[in-house]
Protein chains: 2
Amino acid sequence: MTSEEKEARLEKMRHSAAHVMAEAVQSLFPETKFGIGPAIEDGFYYDFELPQALVADDLPVIEAKMKEIIAADVPFVREEMDKAKARQLFSTQHYKLELIEELPDEIVTIYRQGSFIDLCRGPHVNSTGDIKAFKLTNIAGAYWRGDEKHPMLQRIYGVAFETEPELEDYLARLAEAGKRDHRKLGKELDLFSLHDEAGPGLVHWHPKGVLVRQIIEDFWKEEHRKRGYDIVCTPHIAKVNLWKTSGHWDFYRENLYSPMDVEGQEYIIKPMNCLGHILIYKTQLRSYRSLPLRYAELGTVYRYERSGVLHGLARVRGFTQDDAHIFCRPDQLEAEIVGVVQLARFMMDTFGFYDYELLLSTRPEKYAGTIQAWEEATESLRKVLEDLKLDYRIDPGEGVFYGPKIDIKLRDALGRLWQGPTIQVDFNLPQRFDVNYVGDDGSEHRVIMVHRTVLGSMERFMACLIEHYAGAFPVWLSPVQAVVIPVADRHLDYAHQLAVELRGESIRVQVDDRSERMNLKIREAQLGKVPYMIVVGDRELATSAVSLRLRSAEDLGSQSLSEFKNRVKSIIEDKTSDKL
Amino acid sequence: MTSEEKEARLEKMRHSAAHVMAEAVQSLFPETKFGIGPAIEDGFYYDFELPQALVADDLPVIEAKMKEIIAADVPFVREEMDKAKARQLFSTQHYKLELIEELPDEIVTIYRQGSFIDLCRGPHVNSTGDIKAFKLTNIAGAYWRGDEKHPMLQRIYGVAFETEPELEDYLARLAEAGKRDHRKLGKELDLFSLHDEAGPGLVHWHPKGVLVRQIIEDFWKEEHRKRGYDIVCTPHIAKVNLWKTSGHWDFYRENLYSPMDVEGQEYIIKPMNCLGHILIYKTQLRSYRSLPLRYAELGTVYRYERSGVLHGLARVRGFTQDDAHIFCRPDQLEAEIVGVVQLARFMMDTFGFYDYELLLSTRPEKYAGTIQAWEEATESLRKVLEDLKLDYRIDPGEGVFYGPKIDIKLRDALGRLWQGPTIQVDFNLPQRFDVNYVGDDGSEHRVIMVHRTVLGSMERFMACLIEHYAGAFPVWLSPVQAVVIPVADRHLDYAHQLAVELRGESIRVQVDDRSERMNLKIREAQLGKVPYMIVVGDRELATSAVSLRLRSAEDLGSQSLSEFKNRVKSIIEDKTSDKL
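Residues numbered from 1 in each chain as written. Chains lettered and ligands numbered in written order. Predicted model: local features only at pLDDT ≥ 70, side-chain atom pairs only at ≥ 80, totals over all residues. Heavy atoms only, no water.

### Concerning the pattern of salt bridges
Charged atoms that come close allow side chains of opposite charge to pair.
Alright, step 1. As enumerated under the stated definition, the model contains 90 salt bridges over all chains in all.
Alright, step 2. For Asp118 of chain A, the salt bridge identified is with Lys96 of chain A, shortest N-O distance 2.7 Å. Highlighted residues: Asp118 of chain A in strand β6 (residues 116-119) and Lys96 of chain A in helix α4 (residues 94-102), separated in sequence by 22 residues.
Alright, step 3. You can call Asp118 of chain A buried: its relative accessible area is 2%.
Alright, step 4. Judged by relative accessible area, which is 4%, Lys96 of chain A ranks as buried.
Alright, step 5. One salt bridge connects Glu263 of chain A with Arg317 of chain B, and the closest N-O pair in it is separated by 3.2 Å. Here Glu263 of chain A is found in the loop between β13 (260-262) and β14 (265-269), whereas its partner Arg317 of chain B is found in the loop between β15 (293-302) and β16 (318-328) on a different chain.
Alright, step 6. Judged by relative accessible area, Glu263 of chain A falls into the partly exposed class, the value being 43%. (Salt bridge = Lys/Arg side-chain N within 4 Å of Asp/Glu carboxyl O. Helix = DSSP H or I, 4+ residues; strand = E, 2+ residues; numbered from the N terminus. Buried < 20%, exposed > 50% of the residue type's maximum accessible area, 1.4 Å probe, protein only.)

As structure tokens, this is what we get:
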């Protein structure tokens, strides 16, 4: 089977499992009204109107019933009928009646297994026995048709796989993902918070979160300057007319915030940084010799997202893009793309992501620019990926309207993909804003613009980092790198003296000088994912040594302070973890 | 005479000079309609409706006429009359008639000198001969009563002093100020730009401006962390309800931008950072032992200012405050204020401002909190200033409604004052947001909040720095610290090799490898205020030396590379300039 065939079979099985779950629920609660029950990624759900609120303990009961139905190996039977007959069949099911009304054809299809009948286009597996490993995972509220003006139904989620080991593997990863959830760890590690009072999707970074972010940003700035980028900084609001000229007002209206009025002019909060960079570019006449110009900005932008899709740091309403715009001549495009791909790979490697997927997205139906320009640019992108011997997939027609792009998705420690770097060629903005350079022929030529990020946004990248490392950041990124733990009060002076010495080497150290038990302090430092715990007692004081433990709980025993310093400094230098 | 008496006398003289200028203009253009003509700082102006547009060449003619009137030593005569008579007297002067209507009393005063009569409350000097050194400086358009719906009048500005040397000194400083104007230098040095397309008062920072700003910000962060501040980062928009709770919606409405709608909720772009810091504080129960907490943020805020008052970087609509909020117990307030004052002085010293004025502003008529709390806090501020033996003035009733404050104004190289650090005690927000800590008695107590900035805003501070140094920043702040200038093409390799070596020492170096004449390159580097020019020719190549020039044009001759490196590194370390 090809992977597409496998996927299609899994989807059929998951959809069939939804029907079996519905039958099981019906047998337990005969008065159930049924909403819809589709297959989704990894599993399925079904929405029910029930006489009582379900609790987690109900799930095993429903599962047991499902297993009976599966064991009975009842066939799924497809049947066509006219709407009149269907209305009769579902006369007690008002949600189904509503769906029947909306179907375009007079003939509708239903599926039966045993006594259960559902309005359904299919397809399904042959019989219930074809449903292999499954598990019900949770219960949630869901408005009928996702509309809060409609009744709230109860949704049961399940997962289903071909084999038990696959299911177990999935559930193990799910449990691990739960432990790594950046929303949970973000709170435990005191990295950030979100506040309904201020508005959902707006991140408040706490001191430790800012520290990690600043380390990343400082590193990012340094690497960009090294590679010939110039850093700029542009305001968060601008006249809406700029966004009308750019086309964003028409193309991205639903993601823009409503305008504010200033002296009779409409302003909006910026959804992207490009226009400010264009204004800076245009403050001077640029010669072909001064190109490429690479303007980078850690620019905070605001875009509207429905509150339903917001998710911790990963999907927010305000985020800081690690943005840059390259203004170059057509003959420089390929070299610039090479530079960006190499920078992106360097960044991902540095942060510990060694596995990623590359997508090259080509011309969509609606596009700006000429076909020739599209072909040349797409060819440049393709050539770069091939010259660099990178595996990539073509995503046909998925380019942005203004040009083709390369997207890179990072694979984290649990195998999940995260949206990472993006590199987009733009034919549209240089045209709309008349962005030119003076060629060696003395006349004006249109520049090519490249939009690119290498981390994506600070928010989503931080979410990804937290989950990838389960909060145990590599030492260079750890907000606190070491905690000194004195065994008793008489070791306090020595502890503080060590801290001063380590800080002198730019190591971020805290002294836990509370009058608590040593084991509690060690435990809390481990929970705080602090890489090094330095325990100092009588013996350490007498020998001017330190006793070292890692956050993995490994005890490295006694060593001299200089040994420890060298160890930490080399691990920081390498940007790795110490026996994570 | 006390300085207040001197000031009052100068103001009378300047106001009288305005009348004399009006008489001179009337004698040249008898059909002139007169607006108003007050004394202002350093001088005076008068608004005229004239039959023709004035040009700069008209000013000496008016000045000559004024000198005649002054030489004639005509007395100023005050006269009272009822409005009916005044209306008759000013029957051809419709602006004056408008003013007469608005005067509250039936009896009005006029002043005459010779044939010229003005509606005026006075006071004036005794006679025109009392007007000493003066000069007309420029002509500008000004709407009648500052309202763009009214006619545009012509305003002539003049300056006046007691003595010619004072006037000349003032004019020299004015010329110097013109040369140092940060708007002019900002463009010449390519530091920033403002764009009407994006909106007035919104700063676009160019690469070199960002570099200077980043050096300042990195230094600022480091010094704050050293002093126990935690850096946080909060979003630029928030629900308007937060600002209603805080009182800003009522007290600062005219400076807030209009709300944007998000899913039926109103949001505004933040005018200040305090509320985000309060939300972070409140994510945990804080114990008396964990205080003080000092949250610092380089937070960009947006406030509405009329377009007429916008001025380069000095008065803008969006600016980055070097903000911090200290949450402390009442018994910690004094020590915290000491810390802030010391930090502010350290910062000002570091940036080369050694002269400043301190103001302690006390309880205004409308205030939040109890009188006792005000008295205690004001006393704490006063005690700190006295313990630190600082000269200060009381500014009675000029505190913010939420608490007393200390303002520090920096004096720049031309003797002008700039708004600098501010330290404000706040009784209002902790009350409104119920911001508490758990005391050693186990019950909740209200914290005291201190708002403070030590630079003010990055924008205004940069304006001040540019004008203070006339663009020739101290070496540590210079975006380009050295330019290597090869005498001929055969010295290019050596030039680049030097640059690599200096960059290895974190010195910001450029190589001017254009095929231009050496003198032009030197001249351009000087205009760019680059501290060091390293000229390399045959002799330098042969001896592995460098030939050094300063931006002051001083030629320091030949020296070894290591001599130069040590020189620059020690100057950078000292945060000074090299023989500026």
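Past the structure itself, the notes keep going.
### Some points on the domain arrangement of chain A
Alright, step 1. Per the domain assignment, the segments of chain A are domain 1 (3-180), domain 2 (188-468) and domain 3 (475-574).
Alright, step 2. Relative placement of domain 1 of chain A and domain 3 of chain A: their C-alpha centres are 54 Å apart. (Domains from an automatic or database assignment.)

### Structural notes on the packing of aromatic side chains
Alright, step 1. Within this structure, the stated rule accounts for 40 aromatic pairs over all chains.
Alright, step 2. Aromatic pair Phe161 of chain A and Tyr170 of chain A: ring centres 5.0 Å apart, planes at 40°, arrangement tilted. Per residue, the accessibility class of Phe161 of chain A equals that of Tyr170 of chain A, and both read buried.
Alright, step 3. Taking the centre distance of 5.8 Å and the plane angle of 80° together, the rings of Phe34 of chain B and Tyr46 of chain B count as edge-to-face. Of this pair, Phe34 of chain B sits in strand β1 (residues 33-34) while Tyr46 of chain B sits in strand β3 (residues 43-49), and the two are 12 residues apart along the sequence. Judged on exposure class, the residue Phe34 of chain B and its partner Tyr46 of chain B are both buried.
Alright, step 4. One aromatic cluster in this structure is built from Phe219, Phe346, Phe351, Phe353, Phe461 and Trp476 of chain A.
Alright, step 5. For Arg14 of chain A, the ring lying beneath its charged end belongs to Phe161 of chain A, and the centroid distance is 5.0 Å.
Alright, step 6. The positively charged end of Arg363 of chain B is found above the aromatic ring belonging to Tyr367 of chain B, 5.0 Å away from the centroid. (Phe/Tyr/Trp six-rings, centres within 6.5 Å; stacked < 30°, edge-to-face > 60°. Lys NZ or Arg CZ within 6 Å of the ring centre and 35° of its normal.)

### Regarding the sheet that holds strand β12 (residues 237-239) of chain A
Residue and element names in this part refer to chain A.
Alright, step 1. Spatially, three strands are ordered β12-β14-β13 in an open sheet, and the strand pairing comes out antiparallel. Bordering the open sheet on either side are β12 and β13, each of which pairs with just one other strand. Recorded for the sheet is a direction-independent mean angle of 40° between the axes of neighbouring strands.
Alright, step 2. Where β13 meets β14, three bridges bridge the pair, whose relative direction is antiparallel. Considered in β14, the bridge of Met260 is made with Tyr267. (Pairing = 2+ DSSP bridges. Axes fitted to C-alpha atoms, helices over the stretch in contact; angles between N-to-C directions.)

### Some remarks on the side chain of Glu459 of chain B
Residue and element names in this part refer to chain B.
Alright, step 1. Within the element layout of this structure, Glu459 appears in helix α14 (residues 458-469).
Alright, step 2. Given the relative accessible area of 3%, Glu459 is considered buried.
Alright, step 3. There is a polar contact of 2.8 Å between the side chain of Glu459 and the backbone nitrogen of Thr320.
Alright, step 4. If near-sequence neighbours (up to four positions away) are discounted, Glu459 is found in contact with Val203, Trp205, Arg213, Leu313, Val316, Gly318, Phe319 and Thr320. (Polar contact = N/O pair within 3.5 Å; in protein donor to acceptor, adjacent residues only side chain to side chain. Contact = heavy atoms within 4.5 Å.)

### Some points on the interface of chain B and chain A
Accessible area lost upon the coming together of the parts is a frequently used measure of interface size.
Alright, step 1. At the interface, 53 residues of chain B touch 53 residues of chain A.
Alright, step 2. For the pairing of chain B and chain A, the buried interface totals around 4,300 Å² over both sides, and the portion due to carbon and sulfur atoms is 61%.
Alright, step 3. Our count for the chain B to chain A interface comes out at two salt bridges.
Alright, step 4. Across the chain B-chain A interface, the total number found is 21 residue pairs in polar contact (both at pLDDT 80 or more).
Alright, step 5. The element best represented in the side of chain B that touches chain A is helix α7 (residues 207-226) of chain B, accounting for seven residues.
Alright, step 6. Per-class residue counts for the side of chain B that touches chain A are 26 nonpolar, 14 polar and 13 charged. (Buried area = accessible area lost by both parts, 1.4 Å probe. Nonpolar A, V, L, I, M, F, W, Y, C, P; charged D, E, K, R; others polar.)

### As for a negative patch on the surface
Alright, step 1. Taken together, the side chains of Glu4, Glu5, Glu7, Glu11 and Glu41 of chain A define an acidic patch exposed on the protein surface.
Alright, step 2. Mapped onto the elements, Glu7 of chain A comes out in helix α1 (residues 3-28). (Patch = residues over 30% accessible without salt bridge, like charges linked within 9 Å, V, L, I, M, F, W, Y side chains within 5 Å. Areas by Shrake-Rupley, 256 points an atom, 1.4 Å probe, with all protein chains shown as cover. Lys, Arg positive; Asp, Glu negative; His and termini not counted. Charge placed at Lys NZ, Arg CZ, Asp CG, Glu CD.)

### Let's talk about the pairing of strand β27 (residues 545-550) of chain A
All names here are of chain A.
Alright, step 1. When you tally the buried positions in β27, you get five out of six residues, the bulk of the element.
Alright, step 2. In the sheet, strand β26 (residues 532-536) pairs with β27 via four bridges, with the strands oriented antiparallel. Bridge pairing links Tyr532 to Leu550 in β27.
Alright, step 3. Examined bridge by bridge, β27 and strand β28 (residues 555-560) share five bridges and lie antiparallel to one another. By the bridge assignment for β28, Ser547 is matched with Ser558.

### Here's the deal with helix α5 (residues 164-180) of chain A
Spacing of three or four residues puts side chains on the same side of an α-helix, whose turn is 3.6 residues.
Residues and elements named next belong to chain A.
Alright, step 1. Counted at 1.5 Å a residue, the expected span for α5 with its 17 residues is 24 Å, and the 24 Å between its end C-alpha atoms agrees.
Alright, step 2. Listed in full, the buried residues belonging to α5 are Leu167, Tyr170, Ala177 and Arg180. Burial along α5 is one-sided: seen end-on, the buried residues are contained in an arc of 145°. Set apart from the buried face of α5 by more than 90 degrees, the exposed residues are Pro165, Glu168 and Lys179. (Expected span 1.5 Å × (residues − 1). Arc of directions from axis to C-beta.)

### A word on the relation of the copies chain B and chain A
Alright, step 1. The two copies are related by a screw motion: chain B maps onto chain A through a turn of 179° and a shift of 0.0 Å along the axis, at an RMSD of 0.5 Å. Between the two chains, the operation in question is that of a two-fold axis. In terms of proximity to the rotation axis, the leading residue of chain B is Met260 of chain B, whose C-alpha is 3.1 Å off the axis.
Alright, step 2. An overlap of 100% is found between the interface residues of chain B and their copies at the interface of chain A, pointing to a shared contact surface. (Least-squares fit on C-alpha atoms with pLDDT ≥ 70 in both.)

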